[in-house]
Amino acid sequence: MFDRIKSFRCKLTLWATQLAYGNLAHLSFLQSITVEPQLLKDYVDILSRLLEDFENRFQQFTALELQFFLVATPFAVDVKNVPEEVLQCDTVLKQKYAGVGVPDFYQFLPREKFPNLFCTDARILAICLGGTKQLITVMFDRIKSFRCKLTLWATQLAYGNLAHLSFLQSITVEPQLLKDYVDILSRLLEDFEHRFQQFTALEPQFFLVATPFAVDVKNVPDEVLQCDT
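Every value quoted in this text rests on a predicted model; they were computed, and no experiment measured them.

## Describing the overall build of the protein
Looking only at helices and strands, one finds 12 helices and 0 strands in the protein. The helix and strand sequence of the protein, counted from the amino end, reads α-α-α-α-α-α-α-α-α-α-α-α. Here the protein holds 229 residues, and 36% of them are scored as buried. In the protein, once contacts between residues fewer than 6 apart in sequence are set aside, the share between residues at least 24 apart is 69%. For the protein, the accessible surface area stands at approximately 14100 Å², while carbon and sulfur atoms represent 56% of it.

## A closer look at the pattern of salt bridges
The tally for this structure, following the rule as stated, stands at 5 salt bridges. For Arg 9, the salt bridge identified is with Glu 55, shortest N-O distance 3.7 Å. With Arg 9 in helix H1 (residues 2–20) and Glu 55 in helix H3 (residues 37–57), this residue pair connects regions lying 46 residues apart in the sequence. A single network of salt bridges, built from pairs that share partners, joins Lys 11, Asp 191 and Arg 195.

## Details of the packing of aromatic side chains
According to the stated counting rule, one finds 7 aromatic pairs in the structure shown. Ring geometry for Phe 8 against Phe 192: centres 5.2 Å apart, planes inclined by 70°, an arrangement best described as edge-to-face. With Phe 8 in helix H1 and Phe 192 in helix H10 (residues 175–195), this residue pair connects regions lying 184 residues apart in the sequence. Classification of Phe 192 as buried rests on a relative accessible area of 1%. Ring centres of Tyr 43 and Tyr 181 lie 4.9 Å apart, and the angle between their planes is 80°; on these two criteria the pair is classed as edge-to-face. Of this pair, Tyr 43 sits in helix H3 while Tyr 181 sits in helix H10, and the two are 138 residues apart along the sequence. Given the relative accessible area of 0%, Tyr 43 is considered buried.

## Quick word on the packing of H3 against H10
Contact geometry of H3 with H10 gives a least axis separation of 11 Å together with a crossing angle of 30°. As far as their axial angle goes, H10 and H3 are roughly parallel. Judged by the twist between their axes, the crossing of H3 over H10 is right-handed. Touching Leu 39, Asp 42, Tyr 43, Ile 46, Leu 47, Leu 50 and Phe 54 of H3 are Leu 177, Asp 180, Tyr 181, Ile 184, Leu 185, Leu 188 and Phe 192, all from H10. Counted by class, the contact of H3 with H10 contains 12 nonpolar, no polar and 2 charged residues.

## A look at H10
Helix length check: H10 (21 residues) gives 31 Å between terminal C-alpha atoms against 30 Å at 1.5 Å per residue, within 8%. The set of residues buried in H10 consists of Leu 177, Leu 178, Asp 180, Tyr 181, Val 182, Ile 184, Leu 185, Leu 188, Leu 189, Asp 191, Phe 192 and Arg 195.

## Points about H1
The end-to-end C-alpha distance of H1 is 27 Å, a good match for the 27 Å that 19 residues give at a rise of 1.5 Å each. Of the residues making up H1, those classed as buried are Phe 2, Ile 5, Phe 8, Arg 9, Leu 12, Trp 15, Ala 16, Gln 18 and Leu 19. Looking one or two residues beyond H1, the residue adopting positive phi is Gly 22, at roughly 75°.

Analysis parameters
- Residues numbered from 1 in each chain as written.
- Predicted model: local features only at pLDDT ≥ 70, side-chain atom pairs only at ≥ 80, totals over all residues.
- Heavy atoms only, no water.
- Helix = DSSP H or I, 4+ residues; strand = E, 2+ residues; numbered from the N terminus.
- Buried < 20%, exposed > 50% of the residue type's maximum accessible area, 1.4 Å probe, protein only.
- Contact = heavy atoms within 4.5 Å.
- Areas by Shrake-Rupley, 256 points an atom, 1.4 Å probe, with all protein chains shown as cover.
- Salt bridge = Lys/Arg side-chain N within 4 Å of Asp/Glu carboxyl O.
- Phe/Tyr/Trp six-rings, centres within 6.5 Å; stacked < 30°, edge-to-face > 60°.
- Axes fitted to C-alpha atoms, helices over the stretch in contact; angles between N-to-C directions.
- Parallel < 35°, antiparallel > 145°, perpendicular 65-115°, else oblique.
- Left-handed = near helix turned anticlockwise from the far one by under 90°.
- Nonpolar A, V, L, I, M, F, W, Y, C, P; charged D, E, K, R; others polar.
- Expected span 1.5 Å × (residues − 1).

Here's what the structure looks like:
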């Protein structure tokens, strides 16, 4: 999950950086037309705002990058970045890790021998969910919110509505250029949907967890159905 977030963030950063230097390598549509330098700056502004919003919504994940790396590569992480209470060595487990990798490795990890590492995993999960009283549905709501923003911007631009893009309101934008912007946002949305498709597929289950007594029973598996007044 964290790798997907980093990957999408890197893509936004790469596009913005390349556009700032007039590099259209990853934007085939713009390669097929003549784009004025000022328009490239406009595109960079749009991507930069998207990146800023994305960073804001997933800042908890960024703050936990070292902990994620510890969980994902427990025998490859730099020991200088590992809390002392977690430091342990086991040659047999290291070989097992090299053979099966994560996440299968954790089924061979004895909890009683490595309690601190398990506590680290649990602590990371709790923080990611916003605290012990939060649910994974909170993260899903953030993903849906960002997806809705991309969809809204693309839809509004398609109709010439610049309500949420103050920079474009301050300049004269030709209709064809608005179509270009819509194309960029649509590609971003498509990539975002692809990277978080697992969350989308689990939406009914998230809704069940978040609202167990408000969900439509027709969407609930028979083995889960119960009633308690």
